[in-house]
Amino acid sequence: MLYLSTRGHPDRKHFCDILLEGLAPDGGLYLPEHYPQVGDQLARLRQVWNTQGYAALAHEILSLYIDDIPADDLRRIAEKTYTAEVFGTEAITPVRPLEAGLWVEGLSNGPTLAFKDMAMQLLGNLFEYELGRRGAELNILGATSGDTGSAAEYAMRGKRGVRVFMLSPHGRMSTFQQAQMFSLLDANIHNIAIEGVFDDCQDIVKAVSNDLAFKQQYRIGTVNSINWARLLAQVIYYFAGYFQVTQQDSESVSFTVPSGNFGNICAGHVARQMGLPIAQLVVATNENDVLDEFFKTGIYRPRSSADTLETSSPSMDISKASNFERFVFDLLGRDAAALKTLFADTLPRQGFFDLSADARFQQARQQFGFVSGKSTHADRLATIRSVWQQFQQEIDTHTADGVKVAREHHDAASPVPMIVLETALAVKFSATIVQALGHEPSRPAQFNGIEQLPRRVQVLPASVQQVQQLIVQTVATPAAAS
Ligand SMILES: *Cc1c(COP(=O)(O)O)cnc(C)c1O
């Protein structure tokens, strides 16, 4: 399997090259040349799931996309990653029922209690493997509004050959999230709180990555959701969810996905393109509704930092959806020239693009199964309350956005089950849970007292130079530029 850039760069690359790279050299995102078709292998994959479990299923899916890691090694990496010890249950992503036909798939039982662990734990093991094989080092530079950063740090802590420099918006993460990240004292983990919002952090990461000389000299890599390996890891749990709520491969299901950067639901799109019987992919947004606006109107209009609202589902407080370009590439029939015009010309020039008059936009719904909805703070409170009152289950604020929108798109009489992806546990966002339920969310024992632990974090202004300087100081022996 070879990978291409959405913006038409002529190079084709293998998995392990793009694993360490991030953005393509032309600023595009990597995608496989084609989506492997598994529609006629579902019975076999179901059997693998039923008899051997998540890690074996993961190995099956990964090996369709990775041809430059020997099969035995890849199997070992999958088995080392997806264990009950790390993810809390044998099922790894257990599905549980809510009301008739509506299910919740638990993706948030890993070390940081958010779904980002599903991909990041795999990435940590892939990085260690590949860097070891190359005798190389990597300095991971990332931006986080909360969950990505902690998931990356917990996946990379103590890993050989890897350092993490993680930028987060100063004072904007929940107390629990700050405690989770900043209490990591491992020597290879560097927390940097930026005086700004998430997009300022993301812009710094982009600027540093676009400085090719610096990037090469200091071996800068990324773990942001544009990394194809992360997206690929997320494809697996769409299969695992499907096998848990269906008996036969003739049945289809729908998924509702609390969305921000469009990484999670883009993995659902990939699974659907591979032939997994997904009826609808429901995009759920919060008040930062740039994606809901697109799927309703055909207009993609990223917001400025100033127009990005701080909400009680902060991991979805995104002004532009960085993985969205991947879906638009497929929507445009993989026309890289048209894609490049939209993202590298129209968007920077006029601040939005409008596909409402484009026949291909109408296919977003029919051919690709996408629909959308939005949720507000009041909706979150009401949904958290109703799920607690009806089912004695605590759901987090992001999952609540998903349940709210799923209920609007799900008909109890429909034979098609609706699976909501649980993207975090309630304890990460306790202030809103207390507001909704009047009591603290339950907290897994290993997190007791986390707020009192010593912290390691440096505060910096939103300056590309100062971040570069910090990296230079930390990396004692830079490689000679090649
Ligand atoms: C990252 C995150 C999201 C958004 O996922 P995307 O892949 O960026 O769309 C939703 N909920 C939680 C809890 C998250 O951490």
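Since this is a predicted model, take the numbers as computed values, not measurements. Residue indices follow the written sequence of each chain, beginning from 1 at its first position. A pLDDT threshold of at least 70 governs which residues receive local features in this predicted model, and a stricter bar of 80 or more applies before side-chain atom pairs are shown or counted, although totals over entire chains, interfaces and linings include all residues. Hydrogens are left out, water is left out, and the side-chain values use all remaining heavy atoms of the structure.

Before going further, it helps to spend a moment on the overall build of the protein. Only DSSP runs of H or I covering at least 4 residues are called helices, and only runs of E covering at least 2 are called strands; the numbering of each starts at the N terminus. A tally of helices and strands in the protein yields 20 helices and 15 strands. Throughout, the radius of gyration refers to the C-alpha atoms, and the reference size of a globule is 2.2 Å times the residue count to the power 0.38. Rg of the C-alpha trace for the protein: 21 Å, near the compact-globule value of 23 Å for 482 residues, within the 12% margin. If one aligns the C-alpha atoms of the protein with their principal axes, the spans along those axes are about 65 × 50 × 50 Å. Sequence separation of 24 or more characterises 76% of the internal contacts of the protein that already satisfy a separation of 6 or more. Contact criterion: two residues are considered in contact whenever any of their non-hydrogen atoms come within 4.5 Å of each other.

Turning our eyes to something else, we now look at the UniProt feature "modified residue: N6-(pyridoxal phosphate)lysine" (unreviewed entry) in the protein. The sites that UniProt annotates as "modified residue: N6-(pyridoxal phosphate)lysine" (unreviewed entry) are K116. Along the chain, K116 turns up in helix α6 (residues 116–134). Leave out the neighbours within four places in its chain, and K116 touches D147, T148, A151 and R230. UniProt positions are given in the numbering used here, feature names are shortened, and annotations may be inferred rather than shown by experiment.

Remark: exposure states derive from per-residue accessible area (1.4 Å probe, protein chains only) relative to the maximum for the residue type, with buried under 20%, exposed over 50%, and partly exposed in between. Judged by how many residues are buried, strand β10 (residues 278–285) sits mostly within the fold: 6 of 8 residues are covered. Two strands qualify as a pair provided DSSP detects at least 2 bridges between them. Bridge count for strand β9 (residues 253–258) against β10 is 5 bridges, and the pairing is parallel. Among the inter-strand pairings, V253 is bridged to a residue of β10, identified as I278. Remark: the β9/helix α12 (residues 263–274)/β10 crossover connection has right-handed handedness. Think of it like this: strands point away, you trace from the first strand over the helix to the second, and a clockwise trace means the crossover is right-handed.

Take the sheet that holds strand β14 (residues 418–422) next. Taken together, 6 strands build an open sheet; the order of strands is β3-β4-β14-β9-β10-β13 and the sheet is mixed. Where the open sheet ends on each side, the last strands, each with one partner, are β3 (95–97) and β13 (370–374). The mean angle between the axes of side-by-side strands here comes to 25°, regardless of whether they run parallel or antiparallel. To obtain an axis, a line is fitted to C-alpha atoms, over the contacting stretch when the element is a helix, and the angle between two such axes runs from 0 to 180 degrees between their N-to-C directions.

Within the open sheet, the 5 strands sit side by side as β8-β5-β6-β7-β15. Their pairing is parallel. Strands at the two margins of the open sheet, each flanked by one partner only, are β8 (220–221) and β15 (458–461). Inspection of the sheet shows strand β6 (residues 162–169) paired to strand β7 (residues 189–195) by 6 bridges, in the parallel sense. Its bridge partner being in β7, P169 is matched across the sheet by I194. Those strands touched by helix α9 (residues 198–210) are β5 (138–143), β6, β7 and β8, and its axis lies near 150° from that of β5.

Attention now goes to the site of the ligand. Not every one of the 15 residues close to the ligand is listed here, only the nearest: K116, D147, G260, N261 and N264. Pairs of N or O atoms are called polar contacts if they sit within 3.5 Å, as long as, within protein, a hydrogen donor faces a hydrogen acceptor (for residues adjacent in sequence, only side-chain-to-side-chain pairs). Contact distances for the ligand include 2.8 Å between an oxygen atom and a backbone N or O atom of G260. A distance of 3.2 Å is found between an oxygen atom of the ligand and a backbone nitrogen or oxygen belonging to G263. The accessible surface values rely on the Shrake-Rupley method and a 1.4 Å probe; as for residues, cover is taken only from the protein chains in view. Burial of the ligand by the surrounding chains reaches 97%, relative to a free accessible area of 380 Å². Looking at the shell around the ligand, its residues break down into 5 nonpolar, 8 polar and 2 charged. We call a residue near a given molecule or strand whenever any one of its heavy atoms falls within 4 Å of it. For this scheme, ten residues count as nonpolar: Ala, Val, Leu, Ile, Met, Phe, Trp, Tyr, Cys and Pro. Four count as charged, namely Asp, Glu, Lys and Arg, and the remainder, Gly too, count as polar.

Turning next to the UniProt feature "domain: Tryptophan synthase beta chain-like PALP" (unreviewed entry) in the protein. Mapped onto this structure's residue numbering, the UniProt feature "domain: Tryptophan synthase beta chain-like PALP" (unreviewed entry) falls at residues 92–333. Here residues 92–333 runs as 42% helix and 19% strand, with 35 Å between its end C-alpha atoms.

Y82, F127, Y238, F239, F262 and F324 are the most contacted members of the largest nonpolar core, which has 111 residues in total. Residues contacting F127, with those up to four places away along its chain left out, are L19, L20, G132, L138, I140, M156, V162, T222, V223 and N227. Definition of nonpolar core: a set of buried residues of the types Ala, Val, Leu, Ile, Met, Phe, Trp, Tyr and Cys, connected through side-chain atoms within 4.5 Å.

Moving on to the pairing of strand β4 (residues 102–106). β4 sits mainly inside the fold: 4 of its 5 residues count as buried. Looking at chain direction, β3 and β4 are connected through 3 bridges and run antiparallel. The residue of β4 that forms the bridge with R96 is V104. Linking two consecutive strands that pair antiparallel, namely β3 and β4, is a turn of 4 residues; a positive phi of about 80° is found at G101 within it. The pairing of β4 with β14 spans 5 bridges and is parallel. Bridging from a neighbouring strand, E105 pairs with L421 of β14.

Further remarks concern the packing of helix α3 (residues 54–65) against helix α4 (residues 71–81). Orientation of α3 relative to α4, taken along the N-to-C sense of each, is 135°, at an axis distance of 9 Å. With respect to α4, the element α3 is oriented oblique. For the pair α3 and α4, the sense of crossing is right-handed. Contacts between α3 and α4 involve A55, A58, H59, L62 and S63 from the former and A71, L74, R75, A78 and E79 from the latter. Here the contact of α3 with α4 is composed, by residue class, of 6 nonpolar, 2 polar and 2 charged. Note that the term roughly parallel is reserved for angles under 35 degrees, roughly antiparallel for angles over 145, roughly perpendicular for angles of 65 to 115, and oblique for everything else. Handedness of a crossing follows from how the near helix is turned relative to the far one, being left-handed for an anticlockwise turn of less than a right angle and right-handed for a clockwise one.

The salt bridge definition used is simple: a Lys or Arg side-chain nitrogen within 4 Å of an Asp or Glu carboxyl oxygen. The full count for this structure, using the stated rule, is 30 salt bridges. R303 is the salt-bridge partner of E293, the closest N and O atoms lying 3.4 Å from each other. With E293 in helix α13 (residues 290–297) and R303 in the loop between β11 (299–300) and α14 (324–331), this pair connects stretches of sequence that are 10 residues apart. Across this residue pair, the class does not change: E293 and R303 are buried. Look at the salt bridges and you will find they share partners, linking D289, E293, R301, R303 and K374 into a network.

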